[in-house]
Amino acid sequence: MRRQEYLRPLFAERPDRVGRDRLEILTTLIGGPSFDPIFRPDVIAIPGGHAVYRWECLVEGCERTRSGGSDLCSEHQRQWAHDSEQGVGKAAFVAAAQGLDRRLGTEETICRICPERPAARSDLRLCQRHLSRWAARSGEGDDNDSFAAWVSDEQACPGYGPCGAVVCPNLADSPLGLCAWHGSRYRHDSRPGDAAMPDSWWQRYEKFGKAVPIEYGDQATFRRWCAAVPAQPWPGQINLRGLRPLVRAEIQWGLFVHTRRARPSRWDLGWIRSLVTTCRTLEVDSLVDFEFGAGGSAAFTGAIAKEILHELRLVYFTPEQAKDAGFLETEHFGVLFPHRMSHIDLTGIPQRWLRDLTWDYLADLLRSPRCPRSAGPVDGLRRAAAELGAFLEVDVPGGGHDPAVLREAHAQRFVADQRHREREGLPSLAVKRTDGTGSIVTTVTRSLVFNAVRKLMRGALDSGAAEQLGLEREFIIVFPAAGAATGRTARRPFPDEVARALADEANLAELAATYDINDNGVRDIWETTVITGRRLGEVVNARWDCIGRYGGLAMFWHDRPRSATTTPRSAYPNASTASSPNASARPWTASPPATATGRPEPNAPGWPCSPRPTATTTGRLR
């Protein structure tokens, strides 16, 4: 989907009001009692062990930060790369690895003597001035005075104020007005503006309590560098300073709402910092203005921005405003389908009356007790309305925008056109593939369209909406019912020879080496799917206690739909069953299907890939 189509509902139609109104809404929500106070400051500090934004190494007791987009610190990542070559699994490596202490200098420390100066050494907690004095004192060989006694005799020095970098919350460590990190960054950037301190500045000025003058080659250039330089990436910190007010509030709201998801996707702090840095560099007013991929930002940065924009639509639009804009948010009705976002785009339906009719039908469906468990019926209805609208636009005078001119003949021609496209394998008028070509009309898609259009039009007739629109009854009753399973075939398991090839050790090893280099369980999922013959979703969503050994036999317990009993299927000893308690190393041999007691059934085939017929409560075989 192009960016203009994706963000159409969020583009400002009233530039003088929309930005201010949206900032007021977000400010009120952020200040509310239900908002997590962690995300309110401009500099967000994520605590260690956070359930969603975890930034510490995965190894227990390790205080170092993750690196390179992985879940391990750099040292443990190096160790894991070595051990994985020896065949060690990641779970075993993480359980056996030893935690490491945090490196020195990973957070700002204040001098123990000067409360307005940063420490130059975190272990001693002394600023550069007192560190030099302690080095000179300890070099004299005076062992009579302890460090604590020396500290108690020292006097505090005045500080240099905050760092001159706009985004930096740290203290400056010199009269130049930059912290240690930005001072190093300034030298790395070839000293733009040539800001410098005079020679012997401490002996000539600070020693006598005088202000140290700063010399500039171009002060304006130096100030522009201070305004544009990024923040130091402290561990567990997200720095929102320097952002425009609206985009800052949008990111804060997005970070908070992301934590409320039942299964939130992974957002590494480095990815979030990349989004913040790009918005700051490009001076973005709102995420609506953010160009995906702009500024060299990576794909995951755009993915984070997209998810935040999904959440902002729920805040910026009421259901009535969403209807006017041509989309529907299922979360406005408390519904979120599995593996889907809340946004349902209806702008592909050309006629406003048909789009509103579809919106009202979907809204009633989401509010009703018969609300579907998946997004399939919603997608089917949207496709059907788009197909009907596209046909009416080219077949009816005026593009079908006036429902009062529609007649029975128009509906009959639509039905005939769909059947013709199905028979000849022609592309759809409305539905496009990712490459822009039309999707081919098949028996399944034609059946979905007929059933959905019939439901939509009969619903309008029953609710009285057809009479309000001026739709003739003859136009409505023409649309036929295609049946519930037209064109569908039952799921078939793999034949034995195919299953043997797919479960071959060489193929499984190649699968793991190519697609599962971090040992995330891809091989286990595929192996269990092939051997048991169950659907992929049943395997992925299986509970841990559904896999185990009973009486020495590897078992995978699952529920058969429309069956009165819970029937287990045996499996080969693979990585998933071998990790269960009391697992033993056994060769790859065929195991017959098993009953609930774990005993092999008599006369069962030797290869258990294909589910055997099972008697249901009605006595029919499946």
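Residues numbered from 1 in each chain as written. Predicted model: local features only at pLDDT ≥ 70, side-chain atom pairs only at ≥ 80, totals over all residues. Heavy atoms only, no water.

Caption draft 1: Broad picture of the overall build of the protein chain. For the protein chain, the helix and strand inventory stands at 24 helices and nine strands. Within the span of the protein chain, comprising 622 residues, buried residues form 41% of the whole. (Helix = DSSP H or I, 4+ residues; strand = E, 2+ residues; numbered from the N terminus. Buried < 20%, exposed > 50% of the residue type's maximum accessible area, 1.4 Å probe, protein only.)

Caption draft 2: Fine view of the pairing of strand S5 (residues 427-432). In this structure, S5 lies alongside strand S6 (residues 438-440), joined through two bridges in antiparallel fashion. Pairing of Lys432 across the sheet is with Gly438, part of S6. Following S5, the chain reverses through five residues before pairing antiparallel with S6; Gly436 in that reversal takes a positive phi of roughly 95°. (Pairing = 2+ DSSP bridges.)

Caption draft 3: The arrangement of the nonpolar core in detail. Ranked by internal contacts, the top residues of the largest apolar core, which has 43 residues, are Leu388, Val453, Met457, Leu471, Phe475 and Phe479. Of all the secondary structure elements, the ones that give two or more residues to this core are helix H14 (352-367), helix H15 (376-395), helix H16 (408-424), helix H17 (443-463), helix H18 (465-469) and helix H19 (473-477). (Core = buried A, V, L, I, M, F, W, Y, C linked by side-chain atoms within 4.5 Å.)

Caption draft 4: Representation of the packing of helix H10 (residues 245-258) against helix H12 (residues 299-316). Where H10 contacts H12, the two axes come as close as 9 Å, and the packing angle between them is 100°. Classified by the interaxial angle, the pair formed by H10 and H12 is roughly perpendicular. When H10 is examined against H12, the residues Leu246, Glu250, Ile251, Trp253, Gly254, Val257 and His258 are found in contact with a partner set consisting of Glu307, Ile308, Glu311, Leu312, Val315 and Tyr316. Residue composition of the contact of H10 with H12, grouped by class: eight nonpolar, two polar and three charged. (Axes fitted to C-alpha atoms, helices over the stretch in contact; angles between N-to-C directions. Parallel < 35°, antiparallel > 145°, perpendicular 65-115°, else oblique. Contact = heavy atoms within 4.5 Å. Nonpolar A, V, L, I, M, F, W, Y, C, P; charged D, E, K, R; others polar.)

Caption draft 5: Representation of unusual backbone geometry. We note that Arg125 has phi near 55°; this positive angle belongs to a residue other than glycine. Within the secondary structure, Arg125 sits in the loop between helix H4 (90-96) and helix H5 (128-139). Backbone geometry places Ser190, a non-glycine residue, at a positive phi of 65°. Here Ser190 shows up in the loop between helix H7 (180-188) and helix H8 (201-204).

Caption draft 6: Structural detail: the environment of Pro41. Relative to the helices and strands, Pro41 is located in the loop between helix H2 (18-30) and strand S1 (43-45). Judged by its relative accessible area of 37%, Pro41 is partly exposed. It is 9.8 Å that separates the C-alpha atoms of Pro41 and Ile238, two residues lying 197 residues apart in sequence. Once residues lying within four places of it in the same chain are set aside, the contact partners of Pro41 are Leu240 and Gln252.

Caption draft 7: Local environment of the packing of helix H11 (residues 269-281) against H12. One can describe the packing of H11 onto H12 by two numbers: an axis separation of 9 Å at closest approach and a directional angle of 80°. Classified by the angle between their axes, H11 and H12 sit roughly perpendicular to one another. Contacts between H11 and H12 involve Trp271, Ile272, Ser274 and Leu275 from the first element and Phe300, Thr301, Ile304, Ala305 and Ile308 from the second. Grouping the constituent residues of the contact of H11 with H12 by class yields seven nonpolar, two polar and no charged.

Caption draft 8: Molecular detail of the pattern of salt bridges. Under the criterion given, the structure shown has 27 salt bridges. Glu206 is paired through a salt bridge with Arg117; the nearest N and O atoms lie 3.1 Å apart. Of this pair, Glu206 sits in the loop between H8 and helix H9 (219-228) while Arg117 sits in the loop between H4 and H5, and the two are 89 residues apart along the sequence. Judged on exposure class, the residue Glu206 and its partner Arg117 are both buried. Among the salt bridges present, the one from Arg340 reaches Asp379, with a minimum N-O distance of 2.7 Å. With a gap of 39 residues between them, Arg340 in the loop between strand S3 (327-329) and strand S4 (343-345) and Asp379 in helix H15 connect regions that are remote in the sequence. With a relative accessible area of 29%, Arg340 lands in the partly exposed category. (Salt bridge = Lys/Arg side-chain N within 4 Å of Asp/Glu carboxyl O.)

Caption draft 9: Region of interest: the side chain of Gln351. Examined against the element boundaries, Gln351 turns out to sit in the loop between S4 and H14. Relative accessible area serves as the criterion here: at 0%, Gln351 is assigned to the buried category. Among residues more than four places away in sequence, those in contact with Gln351 are Gly389, Leu392, Glu393, Gly399, Gly400 and His401.

Caption draft 10: Molecular detail of the state of the cysteines. On inspection of all chains with the given rule, the structure shows zero disulfides. With no disulfide of its own, Cys57 lies closest to Cys73 among cysteine sulfurs, the gap being 3.9 Å. Given the relative accessible area of 1%, Cys57 is considered buried. Lacking any disulfide linkage, Cys226 is separated from the closest cysteine sulfur, that of Cys163, by 7.2 Å. (Disulfide = S-S within 2.5 Å.)

Caption draft 11: Spotlight on H12. Over its 18 residues, H12 runs 25 Å from end to end, which matches the ideal 26 Å to within 8%, given 1.5 Å per residue. Burial analysis of H12 places 13 of its 18 residues in the buried class, which makes it a mostly covered element. (Expected span 1.5 Å × (residues − 1).)

Caption draft 12: Seen up close, the packing of aromatic side chains. This model, assessed by the stated rule, comprises 19 aromatic pairs. Measuring from centroid to centroid gives 5.6 Å for Tyr216 and Phe222, while their planes differ by 50°, and the two rings are tilted. Counting every residue linked through ring pairs, the aromatic cluster contains Tyr186, Tyr216, Phe222 and Trp225. (Phe/Tyr/Trp six-rings, centres within 6.5 Å; stacked < 30°, edge-to-face > 60°.)

Caption draft 13: Layout of the side chain of Ser428. Along the polypeptide, Ser428 turns up in strand S5. Judged by relative accessible area, Ser428 falls into the buried class, the value being 5%. A polar contact of 3.1 Å, which involves the side chain of Ser428, links it to the backbone nitrogen of Val431. Once residues within four sequence positions are removed from consideration, Ser428 is found in contact with Arg383, Glu387, Gly438, Ser439 and Val441. (Polar contact = N/O pair within 3.5 Å; in protein donor to acceptor, adjacent residues only side chain to side chain.)

Caption draft 14: The pairing of strand S8 (residues 553-557), seen in detail. In terms of burial, S8 is largely enclosed, as four of its five residues are buried. Inspection of the sheet shows strand S7 (residues 547-550) paired to S8 by four bridges, in the antiparallel sense. Each bridged residue has a counterpart across the sheet, and for Gly548 the counterpart in S8 is Met555. Two successive antiparallel strands, S7 and S8, enclose a turn made up of two residues, where Gly551 displays a positive phi of approximately 65°.

All quantities given are derived from atomic positions and should not be read as evidence of function.
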